[in-house]
Amino acid sequence: MDIPRPPCALLVLLLLFFTHVTECMSGGKINFREKEKQILDQILGPGRYDARIRPSGINGTDGPAVVSVNIFVRSISKIDDVTMEYSVQLTFREQWLDERLKFNNLGGRLKYLTLTEANRVWMPDLFFSNEKEGHFHNIIMPNVYIRIFPNGNVLYSIRISLTLSCPMNLKLYPLDKQTCSLRMASYGWTTDDLVFLWKEGDPVQVVKNLHLPRFTLEKFLTDYCNSKTNTGEYSCLKVDLLFKREFSYYLIQIYIPCCMLVIVSWVSFWLDQGAVPARVSLGVTTLLTMATQSSGINASLPPVSYTKAIDVWTGVCLTFVFGALLEFALVNYASRSDMHRENMKKNKKDLGIDPQANIDAASDMMDTDSNTTFAMKPLMRTTTVCHGNDHQMSGRCEVHITPQKNCCRLWMSKFPTRSKRIDVISRITFPLVFALFNLAYWSTYLFRDEDEEK
């Protein structure tokens, strides 16, 4: 006997019943990872999305695709004065709208989709125009992700390290400020197809505990730098980082040692003029030390065609040290001249010749018969004192010669030899001139306007 088969509708109802019971037993949860896979296969499947075609413009027009850019500066490892470059590590982000990537967010429960393969979607052809070297970070996994939002927005984020060129003007070194730029531009898409814009709000962020060994980041400015070539106009963004050099390092390592060397060279002015080995060794030692200091400073800087502030300082300090050495040569010559003069006086005294007789003989050689008279101011004041009454024409008069008082001459008369006078004058002149130089130097370079630095 044939057994009657249940109708197909009954089988369908039984299947739905068991499915509902299974979902109830599992708590009614949906496997969102499976849903993500289905959505990715739906929007990025074969024949559905072509990564070679750029997105449409705003509101689906045929205008250029707009890409918003923002960066987060993680660290700045070095700023090299010799090669004129700096190294920076940053997180670089781009965001644009691609309407082909819209999907259902399952009632707001699916916020975004995440990709790790950048070649699956269209990417802007951005490059860093002033880059020298660069690399991505792949420890432990590649530091990159792509987020696709339900409305078609795409967020691309990557961590990169770059070495960028930074042309520097070192005229005020080490009292200078340097501006280093980070330039980003499109390589192949012109402004008719692709436009880069800074993200509204806070396009550039810097880590709070940023520490640089010899610089301080004062501020940063964002700007646009579109470039035109014979193939078209290309969109470009730039951020200028303004660095101020820390002066305390150079004050301790350069300026104070140079001042000390110059002051040490003045010690020879206080040594006896007969201490030739001590004064020569002191002058030569300070001169060689100053020359070594100057060459060491220039070794850490690039060879430039203009004069730097540090060149003016080291050059003047070297001149003062060299001048102190030349001063001893002049003192030694004057000392030997004084000794020769003293020997000549002693010889004349031994021979019975009065030195004043030479002066009288020279005055007798003057032509007294000439009718020409010369009105000459007396070098010494004369005072005439007459004795007797006014009616007597033959009164006796006495002439007293009083020399004019001069502070400098009175003070210099304390030092009878010319060599000693040169030392005394040098003790005052060298420090005074060096103090005036310091006043002019610091007032010139410390209070210079920013416009003049450029």
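The numbers attached to residues start from 1 for each chain and follow its sequence in the written order. The model is predicted, so local features are restricted to residues of pLDDT at least 70 and side-chain atom pairs to those at 80 or more, both for listing and for counting; the totals for chains, interfaces and linings are taken over all residues. Neither water nor hydrogens contribute to the side-chain values; these are computed over all heavy atoms in the structure.

Draft legend 1. Representation of the state of the cysteines in the model. Two cysteine sulfur atoms form a disulfide, by the criterion used here, when they sit within 2.5 Å. The full count for this structure, using the stated rule, is 2 disulfides. Residue pairing for Cys 166: its cysteine sulfur links by disulfide to Cys 180, the two sulfurs lying 2.0 Å apart. Around the S-S axis, the bridge from Cys 166 to Cys 180 shows a dihedral of about -80° and counts as left-handed. A residue pair is termed long-range when its members are at least 10 positions apart, and Cys 166 in the loop between β7 (153-165) and β8 (177-186) and Cys 180 in strand β8 qualify at 14 residues. Buried means the residue's accessible area, taken with a 1.4 Å probe over protein chains only, is under 20% of the maximum for its type, while exposed means over 50%, and partly exposed covers the values in between. On the basis of relative accessibility, which here comes to 1%, the residue Cys 166 falls in the buried class. The residue that forms a disulfide with Cys 225 is Cys 236, at a sulfur-sulfur distance of 2.0 Å. Its S-S torsion of approximately -55° makes the covalent link between Cys 225 and Cys 236 left-handed. With a gap of 11 residues between them, Cys 225 in the loop between β11 (215-224) and β12 (227-229) and Cys 236 in strand β14 (residues 236-245) connect regions that are remote in the sequence. For Cys 225, a relative accessible area of 14% puts it in the buried group. Secondary structure elements are taken from DSSP: a helix is a run of H or I of four residues or more, a strand is a run of E of two residues or more, and numbering for both begins at the N terminus.

Draft legend 2. Layout of a nonpolar patch on the surface. Excluding any residue in a salt bridge, patches collect residues exceeding 30% relative accessible area, merging like charges within 9 Å and nonpolar Val, Leu, Ile, Met, Phe, Trp and Tyr side chains within 5 Å. Under the convention used here, a 1.4 Å probe and the Shrake-Rupley method define accessible areas, while residue burial counts only the protein chains that appear. One speaks of a salt bridge when a side-chain nitrogen belonging to Lys or Arg is within 4 Å of a carboxyl oxygen belonging to Asp or Glu. Together, Leu 251, Ile 252, Ile 256 and Met 260 make up an exposed nonpolar region whose accessible area comes to about 370 Å². By the secondary structure assignment, Ile 256 is in helix α3 (residues 247-265).

Draft legend 3. How the structure looks around unusual backbone geometry. Ile 140 follows Ile 139 through a cis peptide bond whose omega is -5°. Along the chain, Ile 140 turns up in the loop between β5 (131-136) and β6 (144-148). Here the phi dihedral of Met 84 falls at roughly 50°; this positive angle occurs in a residue that is not glycine. Considering the arrangement of structural elements, one finds Met 84 in the loop between β1 (65-80) and β2 (85-97). Positive phi, normally seen in glycine, also occurs at Leu 106, with a value near 55°. Take Leu 106: it is sitting in the loop between β2 and β3 (113-115).

Draft legend 4. Local environment of the packing of aromatic side chains. Ring pairs are drawn from Phe, Tyr and Trp, using the six-membered ring of Trp, whenever the two centres fall within 6.5 Å, and their geometry is named by plane angle: stacked under 30 degrees, edge-to-face over 60, tilted for the rest. Under the definition given, this model contains 26 aromatic pairs. Measuring from ring centre to ring centre gives 6.2 Å for Tyr 255 and Tyr 441, while their planes differ by 50°; the resulting arrangement is tilted. One end of the pair, Tyr 255, is in helix α3; the other, Tyr 441, is in helix α8 (residues 418-446), with 186 residues separating them in the sequence. Taken individually, Tyr 255 and Tyr 441 each receive the classification buried, so the pair is uniform in this respect. The interplanar angle of 80° and the centroid separation of 5.1 Å between the aromatic rings of Phe 320 and Phe 434 together place this pair among those described as edge-to-face.

Draft legend 5. View of the pattern of salt bridges. In the structure shown here, the tally under the stated rule is 15 salt bridges. Taking the shortest distance from any N to any O, the salt bridge between Arg 54 and Asp 193 comes out at 3.4 Å. One end of the pair, Arg 54, is in the loop between α2 (32-44) and β1; the other, Asp 193, is in the loop between β8 and β9 (194-198), with 139 residues separating them in the sequence. Judged by relative accessible area, Asp 193 falls into the partly exposed class, the value being 25%. One salt bridge connects Arg 100 with Asp 98, and the closest N-O pair in it is separated by 3.0 Å. Given a relative accessible area of 32%, Arg 100 falls into the partly exposed group. Exposure remark for Asp 98: the relative accessible area of 1% places this residue in the buried category. The network of salt bridges with shared partners includes Asp 81, Asp 176, Arg 214 and Arg 245.

Draft legend 6. Representation of the pairing of β6 within the structure. Of the two faces of β6, only one is covered, namely that formed by Val 144, Ile 146 and Ile 148; the face formed by Tyr 145 and Arg 147 stays uncovered. Only strands joined by at least two bridges in the DSSP assignment are considered to pair. The sheet contact formed by β3 and β6 spans 3 bridges and is antiparallel. Residue Leu 115 lies in a different strand from β6, and its bridge partner there is Ile 146.

Draft legend 7. Representation of the confidence of the model for the protein within the structure. pLDDT measures how confident the predictor is about each residue, on a scale from 0 to 100. Across the protein, pLDDT averages 81, with 77% of residues at or above 70. Here, two residues are considered to be in contact whenever any of their heavy atoms come within 4.5 Å of each other. Ignoring residues within four places in sequence, the model shows residues 365-382, a span with pLDDT below 50, making 12 contacts including any to other chains. Overall, residues 391-395 carries pLDDT values under 50, and its contacts beyond four positions in sequence, including any with other chains, amount to 1 contact.

Draft legend 8. Summary view of the side chain of Asn 130. Tracing the sequence through the fold places Asn 130 in the loop between β4 (126-128) and β5. Pairs of N or O atoms within 3.5 Å make up the polar contacts considered here, provided that, within protein, one atom can donate a hydrogen while the other can accept it, and that residues adjacent in sequence are counted only when both atoms are side-chain atoms. From its side chain, Asn 130 meets the backbone oxygen of Ser 181 in a polar contact 2.7 Å long. Excluding residues within four positions of it along the chain, Asn 130 makes contact with Thr 163, Leu 164, Ser 165, Ser 181, Leu 182 and Arg 183.

Draft legend 9. Region of the structure containing the sheet that holds β14. Spatially, 4 strands are ordered β4-β8-β14-β11 in an open sheet, and the strand pairing comes out antiparallel. The open sheet has two free edges, formed respectively by β4 and β11, since each of these has just one partner strand. Along the sheet, successive strands turn relative to each other by an average axial angle of 20°, direction set aside. A fitted line through C-alpha atoms serves as each axis, taken over the contacting stretch for helices, and the angle formed by two N-to-C directions is quoted from 0 to 180°.

Draft legend 10. Examining the side chain of Gln 178 more closely. If you trace the backbone, Gln 178 turns up in strand β8. Within the structure, Gln 178 has its side chain in polar contact with the backbone oxygen of Asn 169 (distance 3.0 Å). Here Asp 176 takes part through its side chain, which lies 2.6 Å from a polar atom of the side chain of Gln 178. Contacts of Gln 178, omitting those with residues within four sequence positions, involve Pro 167, Met 168, Asn 169, Leu 170, Leu 241, Leu 242, Phe 243 and Arg 245.

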